[in-house]
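Single-letter residue listing:
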Amino acid sequence: SRLCTARDSFTQLESSTVESLKMSVSFMDDVTKLWRVRKTVFQMLRDRGYHVAEKNLEEKKEDFEVMWKAAQEEGGGRERFMILVHRKHFPDQHLIVFFPEENKRVGVRPIRILAEKMDEKKIREAILVVRQPLTPLAMTAVNEALCKMRIDVFHENELIVNITRHELVPKHVPLTSQEKQQLLARYKMKP
């Protein structure tokens, strides 16, 4: 009887410990994923000619975890980690990176929130990093917004690793005018 009670207590303790570990791992996975995505986004922004602070490029996972926990305690989430940058030589040209909170298919609401933030700050370019694909209606909203602003949509899984940093991927450089003309002539195309 004592053995049965001890075994039951151990099973309950083991079960609660397993659940606690699952929650901890789940928390860490989301935080690690968002940290890696942000790291890739900062690198991509720098490669696109935007001013990115060195501290953002060298952000440590431990520092990000502290910021994440602080945001969680304040009742915030992914949307708190919005990024605002400007072009290196054109400080009036801004870009905003938005991480919607939705863990399901992204609808029109986050697109509307992003468009409002862009209008409010007079920003014409944005990157939307989603966890799930956009709904067809949301895609329509993004396409309709293209006349006033440009919104690039990335799935976060595309940004976990910066593929341009892979050893087998050659450095991408724009063609010169002469190279462009040669390429167009080679394939008998018009500009």
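For the structure, check the block above.
Parameters and conventions
- Residues numbered from 1 in each chain as written.
- Predicted model: local features only at pLDDT ≥ 70, side-chain atom pairs only at ≥ 80, totals over all residues.
- Heavy atoms only, no water.
- 1 Å grid on protein atoms, 1.4 Å probe; cavity = no way out; pocket = protein on both sides within 12 Å on 5 of 7 lines; lining within 4 Å.
- Points joined across faces, edges and corners; volume = space filled by probe spheres on them.
- Nonpolar A, V, L, I, M, F, W, Y, C, P; charged D, E, K, R; others polar.
- Pairing = 2+ DSSP bridges.
- Helix = DSSP H or I, 4+ residues; strand = E, 2+ residues; numbered from the N terminus.
- Axes fitted to C-alpha atoms, helices over the stretch in contact; angles between N-to-C directions.
- Phe/Tyr/Trp six-rings, centres within 6.5 Å; stacked < 30°, edge-to-face > 60°.
- Buried < 20%, exposed > 50% of the residue type's maximum accessible area, 1.4 Å probe, protein only.

## Description of the layout of surface pockets
In step 1: Of the volumes computed, that of the largest pocket is approximately 390 Å³.
In step 2: Around the largest pocket, the lining is made up of 14 residues, and of these D47, N162, T164, R165 and H172 lie nearest the centre.
In step 3: Each residue belonging to the lining of the largest pocket can be placed in one class, and the counts come to 5 nonpolar, 4 polar and 5 charged.

## Some points on the sheet that holds strand β2 (residues 94-98)
In step 1: Taken in spatial order, the 4 strands make up an open sheet running β1-β2-β3-β4, and their pairing is mixed. The sheet terminates laterally at β1 (83-86) and β4 (150-155), the two strands that pair on one side only. Between one strand axis and the next, the sheet turns by 15 degrees as a mean value, whatever way the strands run.
In step 2: As paired strands, β2 and strand β3 (residues 125-130) are joined by 4 bridges and run parallel to one another. Directly across from I96, in β3, lies its bridge partner A126.

## Notes on the packing of aromatic side chains
For any pair of aromatic rings, geometry is given as the distance between the ring centres together with the angle between the planes.
In step 1: Per the stated rule, a full pass over the model turns up 2 aromatic pairs.
In step 2: Between F64 and F81, the ring centres sit 5.0 Å apart and the planes meet at 50 degrees, which makes this aromatic pair tilted. Highlighted residues: F64 in helix α3 (residues 61-73) and F81 in the loop between α3 and β1, separated in sequence by 17 residues.
In step 3: With a relative accessible area of 0%, F64 lands in the buried category.

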